[in-house]
Amino acid sequence: MTTAAAEIESGLGTLAGTGKILRFQLRRSRMFLFWWIAGIAGFTWMVVPVIADQYTTEAERAGFAATMSSPRCSR
């Protein structure tokens, strides 16, 4: 009997070993995840001042807010 079959029969179910695999994958790709999250946060941090500079009047900001709140494409 294999180890996986023995773990299933002993009551661990089909998710046996999931924690070990998850820890391995997180350890393996930690730098990738770090740079990915840092890039998304950095991009967000850079875009906010640009939007504030782009829409200077209250009417422009209201129009931008209306555009962003609409889920449909206006044609």
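Residues numbered from 1 in each chain as written. Predicted model: local features only at pLDDT ≥ 70, side-chain atom pairs only at ≥ 80, totals over all residues. Heavy atoms only, no water.

Quick notes on the overall build of the protein chain
Okay, so step 1: Along its length, the protein chain carries 4 helices and 0 strands.
Okay, so step 2: The secondary structure elements of the protein chain, listed N-terminal to C-terminal, are α-α-α-α.
Okay, so step 3: In the structure as shown, the protein chain presents an accessible area of about 7,100 Å², 67% of it carried by carbon and sulfur atoms. (Helix = DSSP H or I, 4+ residues; strand = E, 2+ residues; numbered from the N terminus. Areas by Shrake-Rupley, 256 points an atom, 1.4 Å probe, with all protein chains shown as cover.)

Some points on a nonpolar patch on the surface
Okay, so step 1: Among the surface-exposed residues, Leu22, Leu26, Phe32, Leu33, Trp36, Ile37 and Ile40 lie close enough to one another that they form a single nonpolar patch of about 740 Å² accessible area.
Okay, so step 2: Contributing elements (two or more residues each) for the nonpolar patch: α2 (18–28) and α3 (30–54).
Okay, so step 3: For the nonpolar patch, the element with the most residues is α3, which contributes 5 residues.
Okay, so step 4: The class of isoleucine 37 is exposed, set by a relative accessible area of 55%. (Patch = residues over 30% accessible without salt bridge, like charges linked within 9 Å, V, L, I, M, F, W, Y side chains within 5 Å. Salt bridge = Lys/Arg side-chain N within 4 Å of Asp/Glu carboxyl O. Buried < 20%, exposed > 50% of the residue type's maximum accessible area, 1.4 Å probe, protein only.)

A few points about a positive patch on the surface
Okay, so step 1: Positive charge collects at one region of the surface, where Lys20, Arg23, Arg27 and Arg30 lie side by side.
Okay, so step 2: Among the elements that take part in the positive patch, α2 stands out by supplying 3 residues, more than any other.
Okay, so step 3: You can see arginine 30 is positioned in helix α3. (Lys, Arg positive; Asp, Glu negative; His and termini not counted. Charge placed at Lys NZ, Arg CZ, Asp CG, Glu CD.)

Remarks on the packing of aromatic side chains
Where two aromatic rings form a pair, the distance of their centres and the angle of their planes describe that pair.
Okay, so step 1: Using the criterion set out here, one finds 3 aromatic pairs in the structure.
Okay, so step 2: Consider the rings of phenylalanine 34 and tryptophan 35, whose centres lie 4.9 Å apart with planes at 75°: the pair is edge-to-face.
Okay, so step 3: You can call tryptophan 35 exposed: its relative accessible area is 56%.
Okay, so step 4: Measuring from ring centre to ring centre gives 4.6 Å for tyrosine 55 and phenylalanine 64, while their planes differ by 25°; the resulting arrangement is stacked.
Okay, so step 5: Judged by relative accessible area, which is 27%, tyrosine 55 ranks as partly exposed. (Phe/Tyr/Trp six-rings, centres within 6.5 Å; stacked < 30°, edge-to-face > 60°.)

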